[in-house]
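Commentary on secondary and tertiary structure
If you want the building blocks of each chain, they are given just below.
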Amino acid sequence: MTSNVEYSQEMSSLSVCVADSTSTTQLVKEDIPLIPKPQNDICSRCCCWFWRRCCRERELRSRTIVIGQHSPEKFPANVIRNQKYNFITFLPLVLFQQFKFFLNLYFLVMATSQFIPDIRIGYLYTYWGPLSFVLTVTIFREAVDDFRRYQRDKEVNSQRYRRLVRGKDSELVPSSKLRVGDLVVVEKDQRVPADLVLLRTTERSGACFVRTDQLDGETDWKLRLAVPATQKLDSDSQLFDIKAALFVEKPQRDIHSFIGTFTRHDGYGSEDSLDVENTLWANCVVASGVALGVVVYTGSETRSVMNNSQPRSKVGLLDMEINQLTKVLFVAVLGLAIIMMCLKGFSGPWYRYMFRFVLLFSYIIPISLRVNLDMGKAFYSWSMQRDKEIAGTVVRSTTIPEELGRISYLLSDKTGTLTQNEMVFKKLHLGTVSFSTETFDEVSSHLTTAFTQQAQVESVGPSPTHKVRRSEVTRVLEAVKALALCHNVTPVYEEQEIEESHSPGSGSLESQTEADQHYWQQKQESCVYQASSPDEVALVRWTEEVSLPLVRRDLVNMQLRTPSGQVLSFTILQIFPFTSETKRMGIILK
């Protein structure tokens, strides 16, 4: 929009300057704009309208989205397209990609020269036959690859999602039909179709875990939080009854930042600031629960598409080497042709004889090499997709399958790539005593002793406070409790439905009923720990092994279960996240 305004202002200044020129004899040179005033005809108006329309569509800008209403502005369609060609550009682009290599261009020139009678030395099919075969194989291979891309795009674009509609329950629509402002329900293990702001989840706390391995390569689950104002609503249909709006920043490539504001205009006057924890980027996968979000970016404006490069034709190292060797052989052919011309003499039409000698020696560069190379690549691709030892392999590009055999070194940027993020806690050192995997049972016995002693002390009553030396049991208890509490791990209970009509007891150290113990036993059997760091998960799993597991966590509370089945409840007051500067995290609990 800025460029449009500047353009109109320049046009107006020019018209004023021309009007004043009737009464003045000089014009200020600096007032004359670089863009001349368009003539007042239909062609100029159409060109100006088209130019302004293209600039407006390409401009990325922030937007305000009213909850429950479609945005009146035009945004890109929510369509994923990874094809390299279309029906018009397919043949020209494929031929250009082939003839930009010296090998194919050389044989094209040789074959074309046979249409000239003075330098023809053989039949046309001897030159055009192999070249046509090579081009046919290449065109067919590129067509198959692009058609497979089209099928994959069509499958992704046709995935159906539940969209909430005013006055109705919901409707199933394909991903390509989603628009900015739609309220979309994403089920568990379902791909997020567009960039969303998370409004509601099935969890009471508004939390939701997502997998972002298709965005940043990280296999750990990420925690996402719903907007508090919408999570408190009784049902999803109430989103159409409230008067609220979202203000979001313009689309950008950074997947780790987001700036937005959620504002209610129906008398509540609440305004919540939004960050990346309130978003679901496209191509993420919901890992737990069901999420409901509003579409804020679609199509080419989503984070995943903006971080993708344009599809290009990949060329293997073997093709480059053969192309270089062809140039060397061509120099040899020219050398032999010059030697033959020197022996024959440069009398008469010597350039014709020179070109004939080049044609005769052109068999030094075998076009059959190119034929065998293309056929070999097609066979390698076919074999890899049907290899039982690597079942499920998909060859997305048949132009570089041989490059896998040239890999000599694998360079990894982090340990998680090699360890598959599977960490195991090995040793606990407390200054004067150390525990390893062989003596972890002693840690469990120390915990049992510590909690038994605490229960006895509480039953007797408070004892006079005096400074005593901490025993080994006390130090073990404090260390294990610190590991069990200082983290960002959340236990997720999935594959087992548990009746929660009976609420387990809470408190520091209260005796639990048999129903409470049975409840926690059922919960622990179906528990899966999730966190952004595998190190934290390893620590919490170890505390579970030594009989102090984490049984519940939300945004404000944590609960641990002691070896005797009692439950310790803690209130989270503040969390200090891990940063590269502090190289640690902290937490304040009550």
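Computed from a predicted structure; not experimentally measured. (Residues numbered from 1 in each chain as written. Predicted model: local features only at pLDDT ≥ 70, side-chain atom pairs only at ≥ 80, totals over all residues. Heavy atoms only, no water.)

1. As for the overall build of the chain
A tally of helices and strands in the chain yields 16 helices and 21 strands. The buried share of the chain, reckoned over its 590 residues, is 39%. Considering only residue pairs separated by 6 or more positions, the chain has 66% of its internal contacts joining residues 24 or more positions apart. As displayed, the chain offers around 35,200 Å² of accessible surface, 57% of which is attributable to carbon and sulfur atoms. (Helix = DSSP H or I, 4+ residues; strand = E, 2+ residues; numbered from the N terminus. Buried < 20%, exposed > 50% of the residue type's maximum accessible area, 1.4 Å probe, protein only. Contact = heavy atoms within 4.5 Å. Areas by Shrake-Rupley, 256 points an atom, 1.4 Å probe, with all protein chains shown as cover.)

2. Considering the UniProt feature "transmembrane region" (unreviewed entry) in the chain
Annotation from UniProt places "transmembrane region" (unreviewed entry) at residues 87–109, 121–140 and 328–347. As annotated, residues 87–109 has a helix share of 78% and a strand share of 0%, and its two end C-alpha atoms lie 27 Å apart. A distance of 29 Å separates the end C-alpha atoms of residues 328–347, which is 85% helix and 0% strand. (UniProt positions renumbered as here; feature names shortened; annotations may be inferred.)

3. Observations concerning empty space enclosed by the protein
Summed over the entire model, instances satisfying the criterion amount to two cavities of 30 Å³ or more. Volume-wise, the largest cavity comes out at about 240 Å³. Lining the largest cavity we find 20 residues, and of these Q98, F101, V315, D319 and R370 sit closest to its centre. If you list the elements that add at least two residues to the lining of the largest cavity, you get helix 3 (90–99), helix 4 (102–113), helix 5 (125–157), helix 9 (317–344) and helix 11 (368–385). The leading source of residues in the lining of the largest cavity is helix 11, at four residues. For the lining of the largest cavity, a count of residues per class yields six nonpolar, six polar and eight charged. Estimates place the volume of the second largest cavity at around 50 Å³. As for the second largest cavity, its lining consists of N78, V79, I80, R191, P193, A282, N283, G299, T302, S304 and V305. (1 Å grid on protein atoms, 1.4 Å probe; cavity = no way out; pocket = protein on both sides within 12 Å on 5 of 7 lines; lining within 4 Å. Points joined across faces, edges and corners; volume = space filled by probe spheres on them. Nonpolar A, V, L, I, M, F, W, Y, C, P; charged D, E, K, R; others polar.)

4. Considering the sheet that holds strand 18 (residues 550–553)
Here we have four strands laid out as an open sheet, ordered 18-19-20-21, and antiparallel in their pairing. Each edge of the open sheet carries a strand with a single partner, namely strand 18 and strand 21 (586–589). Each strand axis lies, on average, 35 degrees off the axis of its neighbour in the sheet, ignoring direction. Pairing of strand 18 with strand 19 (residues 557–561) involves three bridges; the strand directions are antiparallel. Of the residues in strand 19, the one forming a bridge with L550 is L560. Sheet strands in contact with helix 14 (residues 472–485) are strand 19, strand 20 (567–576) and strand 21, and its direction is about 135 degrees off that of strand 19. (Pairing = 2+ DSSP bridges. Axes fitted to C-alpha atoms, helices over the stretch in contact; angles between N-to-C directions.)

5. What about the pattern of salt bridges?
Evaluation of the coordinates by the stated rule reveals 15 salt bridges. Across the pair K84 and E142 runs a salt bridge whose closest N-O atoms are separated by 3.4 Å. One end of the pair, K84, is in the loop between strand 1 (63–66) and helix 3; the other, E142, is in helix 5, with 58 residues separating them in the sequence. The residues K84 and E142 share a single accessibility class, namely buried. One network of salt bridges, in which partners are shared, links R163, E171 and D182. (Salt bridge = Lys/Arg side-chain N within 4 Å of Asp/Glu carboxyl O.)

6. Description of the environment of M110
Examined against the element boundaries, M110 turns out to sit in helix 4. Of the residues examined, M110 reaches a relative accessible area of 4% and is grouped as buried. The spatial distance from the C-alpha of M110 to the C-alpha of R120 is 10.0 Å, given a sequence separation of ten residues. Beyond its immediate stretch of four places on either side in the chain, M110 contacts Y127, F355, V358, L359 and S362.

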